[in-house]
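What the coordinates show
Residues per chain are reported as follows:
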Amino acid sequence: MNMQIVPASAQLAPRRSRQAVGYRVLDLNRKPVVGFTRDRVGESTIPGNFFVAGGVQAPDAGGYIVWGLDGDDFAEATIDPAPPPVPAPIDNSAQLAALGTSLQSTIAQQLGGVQSGIDRVADAQAGTGLALQKVAEYEQARLLAGELRTLLGGSVGILPPAPQTTVQEIRGADDLARERRELAAKRDKLLAAVARFQQQTGVTL
């Protein structure tokens with residue numbers, strides 16, 4: 001039978017003060033668990049108030065404590081069941097470390113893909129700027145040739161060939177900027193998730 005230790009005290013009639021009061025303990029079926037004893041029984045400064053120093057042993061399932069003299073019961077109180085045991089903490093550091101190793105590869109791939117996208121957009125932005133510059137230079141040369149032709153009243157020579165990439169074929173600079181912002185936001189979200197995981201688990205990725 002598993003036993004617990006519980007505090008025990010009883011307020012008896014003041015006339016019981018200084019008497020040889022003791023107690024006994026019964027289980028839930030009222031079978032004796034601890035026979036009558038006065039071991040560690042004391043009386044407080046309140047007349048008739050008795051206690052057991054250090055508590056009494058009782059079944060984990062609960063029971064009863066009976067106060068009185070040997071062979072003469074005065075009072076009875078219920079003993080509550082013991083609370084369920086607290087489970088030992090689970091050491092999941094090994095599982096967390098394995099999870100961290102697995103996440104490292106996945107996150108590295110995702111971050112690598114996002115960074116490649118950012119680099120690709122940056123290259124496209126640079127190409128767009130260069131192509132737009134070539135188109136603008138050609139348009140400026142064409143307008144200048146027309147003005148000179150008007151002033152001189154004749155031909156001004158042959159213009160260089162028009163750029164192969166026209167403005168219509170160039171991807172919009174606004175679209176590229178928006179895509180770059182979206183990729184950067186995705187990267188920042190991944191990094192924030194990594195930081196939260198490390199803070200909550202203590203595992204460094």
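Note: the structure precedes this text.
Residues numbered from 1 in each chain as written. Predicted model: local features only at pLDDT ≥ 70, side-chain atom pairs only at ≥ 80, totals over all residues. Heavy atoms only, no water.

**What about the overall build of the protein chain?**
- On a plain count of helices and strands, the protein chain comes out with 2 helices and 9 strands.
- Mapped in sequence order, the helices and strands of the protein chain form the string β-β-β-β-β-β-β-β-β-α-α.
- Counting across all 205 residues of the protein chain, residues that qualify as buried make up 24%.
- Residue pairs at least 24 apart in sequence account for 64% of intrachain contacts in the protein chain once pairs closer than 6 positions are excluded.
- Surface exposure of the protein chain reaches about 13900 Å², of which carbon and sulfur atoms provide 55%. (Helix = DSSP H or I, 4+ residues; strand = E, 2+ residues; numbered from the N terminus. Buried < 20%, exposed > 50% of the residue type's maximum accessible area, 1.4 Å probe, protein only. Contact = heavy atoms within 4.5 Å. Areas by Shrake-Rupley, 256 points an atom, 1.4 Å probe, with all protein chains shown as cover.)

**Topic: the sheet that holds strand β4 (residues 32-37)**
- The strand order β4-β3-β8-β9 describes an open sheet built from 4 strands, whose pairing is antiparallel. Strands with a single pairing partner mark the edges of an open sheet, and in this sheet they are β4 and β9 (72-79). Taken over all neighbouring pairs, the strand axes of this sheet differ in orientation by 20° on average, direction set aside.
- Pairing analysis gives 6 bridges linking strand β3 (residues 22-27) to strand β8 (residues 63-69), with the strands arranged antiparallel. Of the residues in β8, the one forming a bridge with Leu-26 is Tyr-64. (Pairing = 2+ DSSP bridges. Axes fitted to C-alpha atoms, helices over the stretch in contact; angles between N-to-C directions.)

**Regarding the side chain of Gln-4**
- In this structure, Gln-4 sits in strand β1 (residues 3-6).
- Looking at Gln-4, its side chain comes within polar contact range of the main-chain oxygen of Asp-80, at 2.9 Å.
- Residues in contact with Gln-4, not counting those within four places in the same chain, are Val-56, Gln-57, Ala-58, Pro-59, Asp-60, Gly-62, Ile-79, Asp-80, Pro-81 and Ala-82. (Polar contact = N/O pair within 3.5 Å; in protein donor to acceptor, adjacent residues only side chain to side chain.)

**Focus on the pairing of strand β6 (residues 49-52)**
- The sheet contact formed by strand β2 (residues 9-11) and β6 spans 3 bridges and is antiparallel. The partner of Gln-11 across the bridge, within β6, is Asn-49.
- Linking two consecutive strands that pair antiparallel, namely strand β5 (residues 41-43) and β6, is a turn of 5 residues; a positive phi of about 85° is found at Gly-48 within it.

**Comments concerning the side chain of Arg-16**
- In this fold, Arg-16 is placed in the loop between β2 and β3.
- Nearest to the buried, unbridged Arg-16 among oppositely charged side chains is Asp-72, at 5.2 Å.
- What Arg-16 contacts, discounting residues up to four positions off in sequence, is Val-21, Phe-50 and Phe-74. (Lys, Arg positive; Asp, Glu negative; His and termini not counted. Salt bridge = Lys/Arg side-chain N within 4 Å of Asp/Glu carboxyl O.)

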